[in-house]
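# Fold and contact review
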Amino acid sequence: MDLKAESDDNLDCERPAPIEVFASRSTLHGIAHMFTYERVCIKRCLWIVFFIGSFSFLVLVCVDRVQFYLQYPHVTKLDEVTAPMMTFPAVTFCNLNAFRFSRVTRNDLYHAGELLALLNGRSVVAL
C-alpha cells in the first residue's frame, strides 16, 4: 500500500488554509470560531470583535500594572546598631512525638533525670 499514490488521487480537492487547520486543532478558546471552515460572516465577526476586545483589555491591564510598578518609589533604609553584649532569649525545641514511658530504662532516667527533675540530691533516680 503506497500512501503517496493514494494522496495523489485527491489532489483536485481544495485543502484548507494552514491557519484553519491550526485553529480547528487549537485549544485556545475562540480561535476555532474565528478561523472556521464555515463562512457565516456575522458569527465570525462577533468572535473576532470579542477576541480582539478581550485581548486589548488584557494588554491594557498589563501595561497599567507595569507602569504602576515602575512608578512606585523603592526606598530602603537600614540602621545598624552595634551592641557589645547581647542576651539571647531561651529557645525550646518541642518534640511532638509521643513519649512511651514503658520503653524508658533506668539508665535513660539517670541521664535525663536532671533535666526532668527525677534525680534527688544524691544523684539517684527517685520515682
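Scoring rules and cut-offs
Residues numbered from 1 in each chain as written. Predicted model: local features only at pLDDT ≥ 70, side-chain atom pairs only at ≥ 80, totals over all residues. Heavy atoms only, no water. Helix = DSSP H or I, 4+ residues; strand = E, 2+ residues; numbered from the N terminus. Buried < 20%, exposed > 50% of the residue type's maximum accessible area, 1.4 Å probe, protein only. Contact = heavy atoms within 4.5 Å. Areas by Shrake-Rupley, 256 points an atom, 1.4 Å probe, with all protein chains shown as cover. Salt bridge = Lys/Arg side-chain N within 4 Å of Asp/Glu carboxyl O. Phe/Tyr/Trp six-rings, centres within 6.5 Å; stacked < 30°, edge-to-face > 60°. Lys NZ or Arg CZ within 6 Å of the ring centre and 35° of its normal. Disulfide = S-S within 2.5 Å. Patch = residues over 30% accessible without salt bridge, like charges linked within 9 Å, V, L, I, M, F, W, Y side chains within 5 Å. pLDDT = per-residue confidence, 0-100.

### Here's the deal with the overall build of the protein
Broken down by element type, the protein carries five helices and zero strands. When the helices and strands of the protein are listed from N to C terminus, the series reads α-α-α-α-α. Scored against the burial criterion, the 127 residues of the protein give a buried share of 7%. A separation threshold of at least 6 residues defines the contact pool for the protein, and within that pool the share at least 24 residues apart is 0%. Surface summary for the protein: the accessible area is close to 12600 Å², and the carbon and sulfur share equals 63%.

### Looking at the pattern of salt bridges
Counted according to the given criterion, the structure contains one salt bridge. A salt bridge links D64 to R65; its shortest N-O distance comes to 3.0 Å. Overall, the relative accessible area of 37% leaves D64 in the partly exposed class.

### Observations regarding the environment of T36
Within the element layout of this structure, T36 appears in the loop between helix 3 (31–34) and helix 4 (41–71). A relative accessible area of 18% places T36 in the buried class. Taking the C-alpha atoms as reference, T36 lies 6.1 Å from E20; in sequence the two are 16 residues apart. Dropping the residues within four chain positions of it, T36 is found in contact with E20 and R44.

### Some points on the packing of aromatic side chains
Applying the stated criterion to the full structure yields zero aromatic pairs. Against the face of F68 rests R65, its NZ or CZ located 4.9 Å from the ring centre.

### Overview of the state of the cysteines
For the coordinates displayed, the defined rule picks out zero disulfides. C45 takes part in no disulfide bond, and the closest cysteine sulfur, belonging to C41, lies 3.7 Å away. C45 gets classed as partly exposed once you look at its relative accessible area, which sits at 38%.

### Examining a nonpolar patch on the surface
Taken together, the side chains of L28, I48, F51, I52, F55, L58, V59 and V63 make up a nonpolar region of the molecular surface, amounting to roughly 670 Å² of accessible area. Inspection of the secondary structure puts V59 in helix 4.

### Details of the confidence of the model for the protein
Of all residues in the protein, 73% attain a pLDDT of 70 or more, and the chain-wide mean is 76. At the low end of the mean pLDDT range in the protein sits helix 1 (residues 3–9), at 51; at the high end sits helix 4, at 91.

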